[in-house]
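# Inside the fold
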Amino acid sequence: MAATNQLQARMLDVMKNSDAMLKKHAEVNQGYVVTRFPPEPNGYLHVGHAKSMSMNFNQAFETLGVPADKRRTIFRYDDTNPEAESQEYIQAIRANVDWLGWKPWKTTYSSEYFDQLYEFAITLIKKGRAYVCHQSKTEIEACRTVLRELHGRVASEGLVLTPEVLAPAESPYRHRSVAENLAEFEKMRRGEYAEGAASLRLKMVLESPNPNMWDFVAYRIKFVPHPHIGDKWCIYPTYDYTHCIVDALEHIDYSICTLEFETRRESYYWLLDQLDLFKPMVYEFARLNMTYTVMSKRKLLKLVTKGVVRGWDDPRLSTLNGLKRRGFSARILNAFCKEIGVTRTQSTIEIERLYAVARDILGNESARAMAVLDPIPVAYEGLAQLTFIVEIENPLPTPLACSVPLFPQDKSRTEAHTMHLPNTFYLDRSDVRATDAADFFGVAPLKSVRLKYAAVFTCTSVATDATVGGKVTKVTGTVDWTNEKGLSPKGTMTWVPSTATPCEVRVYSHLFTVPELGAVDDWEALIDSKGSEKVYSSALVAASAASAQPLDALQFERIGYFVVDQDSTAERKVFNQIVALKDATAPTVSRKEEQMRQLAEKQAKMSLKPQDMFKTAAYSAWDAEGIPTHDAAGTTITKSAMKKLQKDWAKQKKLYEANLKK
């Protein structure tokens, strides 16, 4: 096995395995290095899970230098909470793993270890390390509040935590006899107590400053059938109790998780030590945070259930189903995860980095097509014809045949299709103006442009309606088929013929108006549900795109990359924009829109309570005012860093109070 310090952050004495245990572990794993990907089936996976999969199926082994034939990753459903889990989620997660191309060595369920977990609970009771507690959640939290105050006095007053001092913070059931705890736990198992009336807690180390060592709950009562194993149990183990034991039973070499679990190292190894089980190496990495994106399962669920988005696969969501529907392929997501890498530094990734990876991959492999997203309505023989008609003076008796390459980016590919330039063809609204400007390279009166793959078009007139500003209704011009005048237009326009295929095109932008939501309570006020999806129901696309199938990606020239949506039918295609082109002639954000964005961002900051501003995974403990006292690793904040935090806190307090007065 490769050197363990390559994936190690903080060593503890309790982490060490005996020589006998290491020998047994080596015999079980037979020279393979084993990791695991253990999602809880209580929702749909998001892009953060893609990063975790990349780490556990590939990047960890790369970092450790493990040969490809010595790698094993277990795909485990961490299914300890039947109330929130379902077969729908179980199947969706499996489909995501398969879609991303990862091949688990085997698939397991934590619920399949429930018999062993129960026997371990009995062992802990007999060792005097577990007790049945009848405190309510409120009462348990009250005891923990007392413990926090006591530990705060240890730092400020030098208080010594003797048994007498700790007594008010203890559960009154903590010192029950082994026989009584066994009898009470049996009552729990038989369903003689109501939900919440009893729990099994571990008798841990209240003297520890780490709250994870304060007698966490190992078993609770839930009269809910389990989606995988049925209704055998009415008591269910908690995540904190289960995941370390199952890691040990499966002889995981590296238990890899995100940084918010870093403070649970002590409890993880304490429990394995009590049960004399193998102790995997633990490594925590920074979870993925991305601008304009939410990955909280609670918030995602709210977006779906309230109908803000189309469903779990809405292209604006960070779910893997949504990203897939948006057109971000498995190759794109895996390349993105590899590019951003894995570190222990908390940071927020610009979503543009994902877009850049998509452009790099799509730019090389996508077929090209020409499309018009926004034709202008024109009155024609008394009917509202949803097209923008360009009439050509001096038409030829037959339309010009233009050879249009499908892969102009790849000189080795010669596939092409023919588009005819007839007397009537269509341009996009964004490419036409009634009044020209120096920085505009589109169609305007007395101006020439090149029609891509075709001829030079010179506009002779632009007709507008009587609305304010005058909407363009008709363009007339001439076509120089051979460019006899030797014109060199600056602008090159994409176009489609009168035989173009009607379709629907959906263009997506950010779902939120600010890059980072932070700890804002009213986060729903920052949703841009209408502006984040713009539907062009009367778009036109060249016939070459008509045969594309769902999830097929192509580039609409000068616009962006698009994918065929699942809503498409045999009669009508629907396309989703994946990303725009770097040099797309997209409308710029107006000054008013930018001012509104900045105002929303400022308002979000002003609405943030100072007590909440530092409640992030970058810290593990805070004082009564919400100022961090310990970093994510549990290390005490230095005095200089504390001064800066206090200064930032004071600024936010003034800002928040000023906002309240308004």
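Computed from a prediction, not measured in an experiment: that's the story for all the values here.

So, on to the overall build of the protein chain. If you tally the helices and strands in the protein chain, you get 15 helices and 31 strands. In the protein chain, which comprises 662 residues, the share counted as buried stands at 49%. When contacts within the protein chain are restricted to residue pairs at least 6 apart in sequence, those whose partners lie at least 24 apart make up 69%. When the accessible surface of the protein chain is split by element, carbon and sulfur atoms take 52% of a total near 31300 Å².

Below, the discussion takes up the packing of helix H4 (residues 114–126) against helix H8 (residues 239–249). In the contact formed by H4 and H8, the axes pass within 11 Å of each other and the chain directions differ by 110°. Of the possible angle classes, the one that applies to H4 and H8 is roughly perpendicular. Residues Gln-116, Leu-117, Phe-120, Ala-121 and Leu-124 of H4 form the contact with H8, whose participating residues are Tyr-241, Thr-242, Ile-245 and Leu-249. Taken together, the residues of the contact of H4 with H8 sort by class into 7 nonpolar, 2 polar and no charged.

What follows concerns the nonpolar core. Within soluble globular proteins, side chains that are nonpolar tend to cluster in buried spots. Phe-185, Leu-202, Tyr-219, Ile-235, Tyr-241, Ile-245 and Leu-271 are the most contacted members of the largest nonpolar core, which has 54 residues in total. At 8 residues, H4 tops the list of elements feeding residues into this core. Leu-271 has contacts with Leu-124, Leu-202, Asp-240, Tyr-241, Cys-244 and Ile-245, leaving out every residue within four places of it along the chain. Core analysis: the second largest hydrophobic core is formed by 40 residues, Met-53, Trp-102, Leu-354 and Ile-361 among them.

The next point concerns the environment of Arg-368. Following the sequence through the fold, Arg-368 ends up in strand S12 (residues 367–369). Separated by 187 residues in the primary sequence, Arg-368 and Gln-555 place their C-alpha atoms 4.8 Å from one another. Looking at Arg-368, its side chain comes within polar contact range of the main-chain oxygen of Ser-366, at 2.8 Å.

It is the contact of H8 with helix H9 (residues 265–275), at a shortest axis distance of 9 Å, that shows an interaxial angle of 60°. Comparing their axes, H9 and H8 come out oblique. Here H8 runs over H9; the crossing is right-handed. Residues Asp-240, Tyr-241, His-243, Cys-244, Ile-245, Asp-247 and Ala-248 of H8 form the contact with H9, whose participating residues are Tyr-268, Leu-271, Leu-272 and Leu-275.

Here the focus is the packing of aromatic side chains. Throughout the structure, instances matching the rule amount to 20 aromatic pairs. Residues Tyr-239 and Phe-261 carry aromatic rings whose centres are separated by 5.6 Å and whose planes lie at 45° to one another, so their mutual orientation is tilted. Here Tyr-239 is found in helix H8, whereas its partner Phe-261 is found in the loop between strand S8 (254–258) and H9, with 22 residues between them in sequence. Three or more aromatic residues joined by ring pairs make a cluster, and in this case those are Phe-37, Phe-57, Phe-75, Tyr-77, Trp-102 and Tyr-109. For the cation-ring pair, Lys-70 lies above Tyr-32, with the distance from its terminal atom to the ring centre recorded as 4.8 Å. Above the face of the Tyr-32 ring, Arg-72 is positioned so that its terminal group lies 3.5 Å from the ring centre.

In this section: the confidence of the model for the protein chain. On average, the protein chain scores 88 in pLDDT, and the residues at 70 or more come to 90%. For residues 1–5, every residue scores under 50 in pLDDT, and the model assigns this stretch 10 contacts once sequence neighbours within four places are set aside.

Time to look at helix H13 (residues 351–365). Along its 15 residues, H13 runs 22 Å from first to last C-alpha, staying within 8% of the 21 Å computed at 1.5 Å per residue. Listed as buried for H13 are Ile-351, Leu-354, Tyr-355, Val-357, Ala-358, Arg-359, Ile-361, Leu-362 and Gly-363.

Across the 11 residues of H8, 8 count as buried, placing the element largely inside the fold. When we look at burial in H8, the residues that qualify are Tyr-241, Thr-242, His-243, Cys-244, Ile-245, Val-246, Asp-247 and Ala-248. Immediately downstream of H8, the backbone of His-251 shows phi near 50°, a positive value.

Pairing in this open sheet of 4 strands is antiparallel, and the strands run S4-S5-S6-S7 from one edge to the other. Each edge of the open sheet carries a strand with a single partner, namely strand S4 (130–133) and strand S7 (235–237). Taken over all neighbouring pairs, the strand axes of this sheet differ in orientation by 20° on average, direction set aside. Here S4 runs beside strand S5 (residues 199–202); their pairing, made up of 4 bridges, is antiparallel. Note that in S5 the partner of Cys-133 across the bridge is Ser-199. Seen against the sheet, H8 touches S5, strand S6 (217–221) and S7 and runs at an angle of roughly 60° to S7.

Rules behind the numbers
Residues numbered from 1 in each chain as written. Predicted model: local features only at pLDDT ≥ 70, side-chain atom pairs only at ≥ 80, totals over all residues. Heavy atoms only, no water. Helix = DSSP H or I, 4+ residues; strand = E, 2+ residues; numbered from the N terminus. Buried < 20%, exposed > 50% of the residue type's maximum accessible area, 1.4 Å probe, protein only. Contact = heavy atoms within 4.5 Å. Areas by Shrake-Rupley, 256 points an atom, 1.4 Å probe, with all protein chains shown as cover. Axes fitted to C-alpha atoms, helices over the stretch in contact; angles between N-to-C directions. Parallel < 35°, antiparallel > 145°, perpendicular 65-115°, else oblique. Nonpolar A, V, L, I, M, F, W, Y, C, P; charged D, E, K, R; others polar. Core = buried A, V, L, I, M, F, W, Y, C linked by side-chain atoms within 4.5 Å. Polar contact = N/O pair within 3.5 Å; in protein donor to acceptor, adjacent residues only side chain to side chain. Left-handed = near helix turned anticlockwise from the far one by under 90°. Phe/Tyr/Trp six-rings, centres within 6.5 Å; stacked < 30°, edge-to-face > 60°. Lys NZ or Arg CZ within 6 Å of the ring centre and 35° of its normal. pLDDT = per-residue confidence, 0-100. Expected span 1.5 Å × (residues − 1). Pairing = 2+ DSSP bridges.

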